[in-house]
Amino acid sequence: MRGTARGERAREREAEVTAFGEWSAGHSFAPSDPGTPPEAVDDRAHALDAYDAASRALHRRKQVRSAAATGPLSTTRAQAGGPGGT
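Notes on the structure follow. (Residues numbered from 1 in each chain as written. Predicted model: local features only at pLDDT ≥ 70, side-chain atom pairs only at ≥ 80, totals over all residues. Heavy atoms only, no water.)

1. As for the packing of aromatic side chains
The following threshold applies: Pairing of aromatic side chains here covers Phe, Tyr and the six-membered ring of Trp, requires ring centres within 6.5 Å, and sorts the geometry by plane angle: under 30 degrees stacked, over 60 edge-to-face, intermediate tilted. Helical segments are the DSSP runs of H or I of at least four residues, strand segments are the runs of E of at least two, and each set is numbered from the N terminus. Each residue is assigned to one of three classes by its accessible area relative to the maximum for its type, calculated with a 1.4 Å probe on protein chains only: buried under 20%, partly exposed between the two thresholds, exposed over 50%.
According to the stated counting rule, one finds two aromatic pairs in the structure shown. A ring pair is formed by Phe20 and Trp23, whose centres lie 5.7 Å apart and whose planes are at 40°; its orientation type is tilted. One end of the pair is Phe20 and the other is Trp23, both in helix H1 (residues 3–26) and three residues apart, which spans about a single turn. When its relative accessible area of 28% is taken as the criterion, Phe20 is described as partly exposed. Counting every residue linked through ring pairs, the aromatic cluster contains Phe20, Trp23 and Tyr51.

2. A word on the environment of Thr18
Within the fold, Thr18 resides in helix H1. By relative accessible area, which is 38% here, Thr18 ends up partly exposed. When the C-alpha atoms of Thr18 and Tyr51 are compared, they prove to be 9.1 Å apart, with 33 residues separating the residues in sequence.

3. A word on the environment of Asp52
Looking at the element boundaries, Asp52 is found in helix H2 (residues 38–70). Classification of Asp52 as partly exposed rests on a relative accessible area of 37%. C-alpha separation for the pair Asp52 and Val17, spaced 35 residues apart in sequence, amounts to 9.3 Å.

4. Notes on the side chain of Ser24
What counts, and what does not: Should any heavy atoms of two residues lie within 4.5 Å, those residues are counted as being in contact.
Tracing the sequence through the fold places Ser24 in helix H1. Leaving out residues up to four positions away in the same chain, Ser24 has contacts with Arg44 and Leu48.

5. Quick notes on the pattern of salt bridges
Quick note on the threshold: Whenever Lys or Arg places a side-chain nitrogen within 4 Å of a carboxyl oxygen from Asp or Glu, that contact is recorded as a salt bridge.
Counting across every chain of the model gives three salt bridges. In this structure, Glu12 and Arg9 form a salt bridge, with 3.1 Å as the shortest nitrogen-oxygen distance. Residue Glu12 and its partner Arg9 are both found in helix H1; the two are separated by three residues, about one turn of the helix. When its relative accessible area of 29% is taken as the criterion, Arg9 is described as partly exposed. Put simply, Asp52 and Arg56 hold a salt bridge, and the shortest N to O gap is 2.2 Å. Of this pair, Asp52 and Arg56 both sit in helix H2, four residues apart, which is roughly one turn of that helix. A relative accessible area of 42% means that Arg56 is categorised as partly exposed. Residues joined by salt bridges that share partners form a network here, namely Arg9, Glu12 and Glu16.

Limitation: the analysis is restricted to geometry and does not speak to function.
In structure tokens form, the structure reads like this:
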């Protein structure tokens, strides 16, 4: 996969995770309401865990990209005229 396509897919993933987070924050789910099935509570917990894991993965990816852009590799790329170089 080329760099541009990879970057586009990463932006799509970030948008999907953000959209789920916004939807979830606005969703009125009250696990303590009488009659809430335990399965619904479990499903909600699983969804929130998955959202948290996806958010952490996106954050780590941004950290790696930032480190790569400012680390020793960026100097090498700049000298070689490669991606991120001039």
